[in-house]
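Coordinate inspection notes
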Amino acid sequence: MTVTDHRSTGPTDVDGGRGDEAWAVLLPAGRYDAERLVHHDTLELPVPAGAPAPRPGDPVVVLADEPSRLVALGRVARHDGDTVLVTYTRRSFDAPVPVDRATVAGPVTALDRGTYRELADRLGPPPPRRTWLVSLDLPIEAESRAEAVRLFWSYVRELGPAELPAFVSPSGDELAMQAFVLGVEANQDPEEDD
């Protein structure tokens, strides 16, 4: 079993931080799908010159645009003038929460603690974690096991999540297996295609 507790989503993160302000950061166009597809511990975003300056430890809501929705909570890990690095504390990429457009006034927007708390509370408590079985099976012709493994990783790198289905099921309920392509449930039965 692969242990991912060190990467787990923590409790709703509404208090703390060194500054008096909280922040909203807006994912750049197209970044939502990348963040949803692969688990990242941090988010690094470019910040235009003259943008507000969050301080390390300040709480952050991460928003996606079009339509505007809350997708994660985090804390500022670093702000060096050109970029801000946010460490995720809670993710909700698969179940984003709608947010009023007026909340964001640029890629980095200062929020008062009350607004931050209200947005963070919309996520509710994190769902319970459970064990999932995830597999990727490829028939590979090779001269040896070692060559088959090398070819497997070459195919994974070349084809990636856009072409290779990953199969996932709850541990103990393998009959509930579903295929996912690009992080979205995908039908793999050719007889059920329209």
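Residues numbered from 1 in each chain as written. Predicted model: local features only at pLDDT ≥ 70, side-chain atom pairs only at ≥ 80, totals over all residues. Heavy atoms only, no water.

A few points about the confidence of the model for the protein
Any region with low pLDDT has predicted coordinates that should not be read closely. With 86% of its residues at a pLDDT of 70 or more, the protein has an overall mean of 84. Looking across the protein, the model is least confident in strand 11 (residues 184-185), with a mean pLDDT of 86, and most confident in strand 3 (residues 59-64), with 95. Confidence over residues 1-17 falls short of pLDDT 50; this stretch has 43 contacts with residues more than four positions distant or in other chains. (pLDDT = per-residue confidence, 0-100. Helix = DSSP H or I, 4+ residues; strand = E, 2+ residues; numbered from the N terminus. Contact = heavy atoms within 4.5 Å.)

Regarding the layout of surface pockets
There is about 190 Å³ of room inside the second largest pocket. Taken together, Leu27, Pro28, Ala29, Gly30, Arg31, Tyr32, Ala64, Asp65, Glu66 and Arg69 make up the full set of residues lining the second largest pocket. Across the lining of the second largest pocket, the residue classes tally to five nonpolar, one polar and four charged. (1 Å grid on protein atoms, 1.4 Å probe; cavity = no way out; pocket = protein on both sides within 12 Å on 5 of 7 lines; lining within 4 Å. Points joined across faces, edges and corners; volume = space filled by probe spheres on them. Nonpolar A, V, L, I, M, F, W, Y, C, P; charged D, E, K, R; others polar.)

Digging into helix 2 (residues 113-123)
What helix 2 keeps buried is the set Arg113, Tyr116, Leu119, Ala120 and Leu123. Projected down its long axis, helix 2 carries its buried residues within an arc of 130°, all on one side. Residues of helix 2 that are buried sit in contact with strand 1 (22-26), strand 3, strand 4 (69-79), strand 5 (83-91), strand 6 (97-98) and strand 7 (108-111). The N-terminus of helix 2 is capped by Asp112, whose side-chain oxygen sits 2.9 Å from the backbone nitrogen of Gly114. Gly124 sits one or two positions beyond helix 2 and adopts a positive phi of about 70°. (Buried < 20%, exposed > 50% of the residue type's maximum accessible area, 1.4 Å probe, protein only. Arc of directions from axis to C-beta. Polar contact = N/O pair within 3.5 Å; in protein donor to acceptor, adjacent residues only side chain to side chain.)

Topic: the packing of aromatic side chains
What the rule picks out here adds up to three aromatic pairs. Measuring from centroid to centroid gives 6.0 Å for Tyr32 and Phe93, while their planes differ by 45°, and the two rings are tilted. Highlighted residues: Tyr32 in helix 1 (residues 31-37) and Phe93 in the loop between strand 5 and strand 6, separated in sequence by 61 residues. Each member of the pair Tyr32 and Phe93 is classed as buried. (Phe/Tyr/Trp six-rings, centres within 6.5 Å; stacked < 30°, edge-to-face > 60°.)

A few points about the nonpolar core
Judged by nonpolar contacts, the single largest core of 18 residues is most densely connected at Leu27, Leu43, Val62 and Val71. Secondary-structure elements contributing two or more residues to this core are strand 1, strand 2 (42-46), strand 3, strand 4 and strand 5. Among residues more than four places away in sequence, those in contact with Leu27 are Tyr32, Glu35, Leu43, Val62, Leu63, Ala64, Val71 and Phe93. The next biggest cluster of nonpolar side chains, apart from the first, holds 15 residues, and it includes Leu70, Val97, Ala120 and Leu123. (Core = buried A, V, L, I, M, F, W, Y, C linked by side-chain atoms within 4.5 Å.)

Overview of the sheet that holds strand 10 (residues 178-181)
Pairing in this open sheet of four strands is antiparallel, and the strands run 8-9-10-11 from one edge to the other. Of all the strands in the sheet, the pair left with one neighbour each is strand 8 (132-135) and strand 11. Judged from the four bridges that link them, strand 8 and strand 9 (residues 166-170) form a sheet pairing that is antiparallel. Among the inter-strand pairings, Val134 is bridged to a residue of strand 9, identified as Val168. (Pairing = 2+ DSSP bridges.)

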